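Structure at a glance
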Amino acid sequence: MPAASSEAAVVRLNAQERHEALASLGGWDLVANGQAIRKTFTFGCFSRAWGFMSRVALESERMNHHPEWSNVWNRVDILLTTHDVGGLSGNDVRLARFIDRCALDAGG
Ligand SMILES: C[C@H](O)[C@H](O)[C@H]1CNC2=NC(N)=NC(=O)C2=N1
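My aim in this report is to walk through the structure given alongside it, one point at a time. Keep in mind that what you see is a predicted model, and the values were worked out from it rather than measured. (Residues numbered from 1 in each chain as written. Predicted model: local features only at pLDDT ≥ 70, side-chain atom pairs only at ≥ 80, totals over all residues. Heavy atoms only, no water.)

Here we come to helix α2 (residues 46-63). Along its 18 residues, α2 runs 25 Å from first to last C-alpha, staying within 8% of the 26 Å computed at 1.5 Å per residue. Of the residues making up α2, those classed as buried are A49, F52, M53, V56, E59, S60 and M63. What you see down the axis of α2 is that its buried residues fit within an arc of 130°, all on one side. Across from the buried face of α2, at angles greater than 90 degrees, the exposed residues are S47, L58, E61 and R62. (Helix = DSSP H or I, 4+ residues; strand = E, 2+ residues; numbered from the N terminus. Expected span 1.5 Å × (residues − 1). Buried < 20%, exposed > 50% of the residue type's maximum accessible area, 1.4 Å probe, protein only. Arc of directions from axis to C-beta.)

To continue, consider unusual backbone geometry. For residues that are not glycine, phi is negative in most cases, and the peptide bond is trans in most cases. At A32, a position not held by glycine, the phi torsion is positive, near 55°. As for its position among the elements, A32 is in the loop between β1 (29-31) and β2 (36-42). In the Ramachandran plot, W73 falls in the positive-phi region, its phi being about 50° despite a non-glycine side chain. By the element assignment, W73 lies in the loop between β3 (68-72) and β4 (75-80).

Time to look at the nonpolar core. Counting residues in hydrophobic clusters, the biggest one holds 25 residues, and the most contacted among them are W28, F52 and I99. Of all the secondary-structure elements, those providing two or more residues to this core are α1 (15-24), β2, α2, β4 and α3 (90-105). Ranked by residue count, the leading element in this core is α3, at seven residues. Every residue in contact with I99, bar those within four places of it in the chain, is listed here: W28, F41, F52, V56, I78 and L80. (Core = buried A, V, L, I, M, F, W, Y, C linked by side-chain atoms within 4.5 Å. Contact = heavy atoms within 4.5 Å.)

Before going further, it helps to examine the site of the ligand. The ligand sits among N64, H65, H66, T81, T82, H83 and D84. In the model, an oxygen atom of the ligand is placed 3.1 Å from a nitrogen or oxygen of the H83 main chain. In this structure, D84 approaches the ligand through a main-chain N or O atom, which is 2.8 Å from an oxygen atom. Relative to its unbound accessible area of 390 Å², the ligand is 65% covered by the protein chains. Residues of the shell around the ligand, tallied by class, amount to no nonpolar, six polar and one charged. (Near = heavy atom within 4 Å. Polar contact = N/O pair within 3.5 Å; in protein donor to acceptor, adjacent residues only side chain to side chain. Areas by Shrake-Rupley, 256 points an atom, 1.4 Å probe, with all protein chains shown as cover. Nonpolar A, V, L, I, M, F, W, Y, C, P; charged D, E, K, R; others polar.)

In this section: the side chain of D92. Checked against the element boundaries, D92 lands in helix α3. R94 provides the closest opposite charge to the buried, salt-bridge-free D92, at an N-O distance of 8.6 Å. Within the local environment of D92, its side chain forms a polar contact with the backbone nitrogen of S89, the two atoms lying 2.9 Å apart. Among residues more than four places away in sequence, those in contact with D92 are I37, H65, L80, T81, T82 and G87. (Lys, Arg positive; Asp, Glu negative; His and termini not counted. Salt bridge = Lys/Arg side-chain N within 4 Å of Asp/Glu carboxyl O.)

Written out as structure tokens, the structure is:
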């Protein structure tokens, strides 16, 4: 009897699911022909931006789902997509929600 996989299959969201996901998130833009979402965060200083990125990085490792991001001083630009399915998945939505909570905590 094969061991039950604890990893739920990652599936690509369809157009309706993408629309509903975007509506449930705040301030994220659908980009790359609907295959990614992106948002820019601005903080009071570099150290707040770095602290935010550290929290997100740890959660990304825990989820095994990683952002494409860049940081310039107090600004962090984040793009989320699921490379394994070539589009958006529930992992992107879950990570976006976590990111928004961290930004709120950090005053971003
Ligand atoms: C091998 C490793 O589990 C996979 O490459 C994971 C890592 N992190 C990931 N991050 C993102 N954004 N998309 C993925 O498909 C993905 N896959």
